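Listed below are the residues making up each chain.
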Amino acid sequence: DKNRLGTPLKAYGRDHGGNREGRRNFIEHTQYTDQEDGTNRTRVRYNLEGKFGMAFVFAEVSSDMPSGEFVYILVQDKRNGHVITVVDNRSAIAASRMAGGSKEGMDAFSKLLGGGKS
């Protein structure tokens, strides 16, 4: 949230250069296979800094999703721990899995959850 942190925003990784300055370009990441759906997932964590504060950004992508789509993007303010949800598709992914991935199943879930009109 650029209003909370201020502009301009600067994103950077973890410092890993030892005594050298300016080596904060290592982005922490973890690759794993999701136990629920068998997709390959990548989680990343990096830092975000603005004029008024700093935050961590947590994001995850899935091999099953189109490029540019995220499982989630969460921003955690370093001052107070408050979490801002930017994107969260975890419920939609779970619903799709329960529906068996079919359009009919997804339509039924959408109506059940109030996303569709009868």
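Preceding this section is the structure that the text describes.
What comes next concerns the included structure. (Residues numbered from 1 in each chain as written. Predicted model: local features only at pLDDT ≥ 70, side-chain atom pairs only at ≥ 80, totals over all residues. Heavy atoms only, no water.)

Our focus in this paragraph is the packing of aromatic side chains. One pass over the structure, following the stated rule, counts one aromatic pair. Seen from their ring centres, Phe56 and Phe58 are 6.1 Å apart, and the 50° between their planes marks the pair as tilted. Just above the ring of Phe56 sits the side chain of Lys78; from NZ or CZ to the centre is 4.5 Å. Over the face of the ring belonging to Tyr72 we find Arg90, whose NZ or CZ atom lies 4.8 Å from the ring centre. (Phe/Tyr/Trp six-rings, centres within 6.5 Å; stacked < 30°, edge-to-face > 60°. Lys NZ or Arg CZ within 6 Å of the ring centre and 35° of its normal.)

Here we come to the side chain of Glu60. Following the sequence through the fold, Glu60 ends up in strand 4 (residues 53-62). Excluding residues within four positions of it along the chain, Glu60 makes contact with Tyr32, Arg41, Thr42, Arg43, Phe70, Val71 and Tyr72. (Helix = DSSP H or I, 4+ residues; strand = E, 2+ residues; numbered from the N terminus. Contact = heavy atoms within 4.5 Å.)

Our focus in this paragraph is the pairing of strand 3 (residues 40-50). The sheet contact formed by strand 1 (residues 10-12) and strand 3 spans three bridges and is antiparallel. By the bridge assignment, Tyr12 is partnered in strand 3 with Asn47. Both strand 2 (residues 28-33) and strand 3 contribute to a ladder of six bridges, which runs antiparallel. Along strand 3, the bridge assignment pairs Thr33 with Asn40. Linking strand 2 to strand 3, which pair antiparallel, is a turn of six residues; within it Gly38 sits at a positive phi near 75°. Relative to strand 4, strand 3 is paired through 10 bridges, and the arrangement is antiparallel. Within strand 4, the residue paired with Arg45 across the bridge is Phe58. (Pairing = 2+ DSSP bridges.)

A few words now on the side chain of Thr39. Locating Thr39 in the fold gives a position in the loop between strand 2 and strand 3. By relative accessible area, Thr39 is classed as buried at 5%. A distance of 2.8 Å separates a polar atom in the side chain of Thr39 from a polar atom in the side chain of Asp37. Thr39 has contacts with Tyr32, Thr33, Asp34, Ser62, Ser63 and Asp64, leaving out every residue within four places of it along the chain. (Buried < 20%, exposed > 50% of the residue type's maximum accessible area, 1.4 Å probe, protein only. Polar contact = N/O pair within 3.5 Å; in protein donor to acceptor, adjacent residues only side chain to side chain.)

The next thing to look at is the environment of Ala92. Mapped onto the elements of the fold, Ala92 is located in helix 2 (residues 90-98). Given the relative accessible area of 43%, Ala92 is considered partly exposed. C-alpha of Ala92 to C-alpha of Val71: the two residues are 21 residues apart in sequence and 9.3 Å apart in space.

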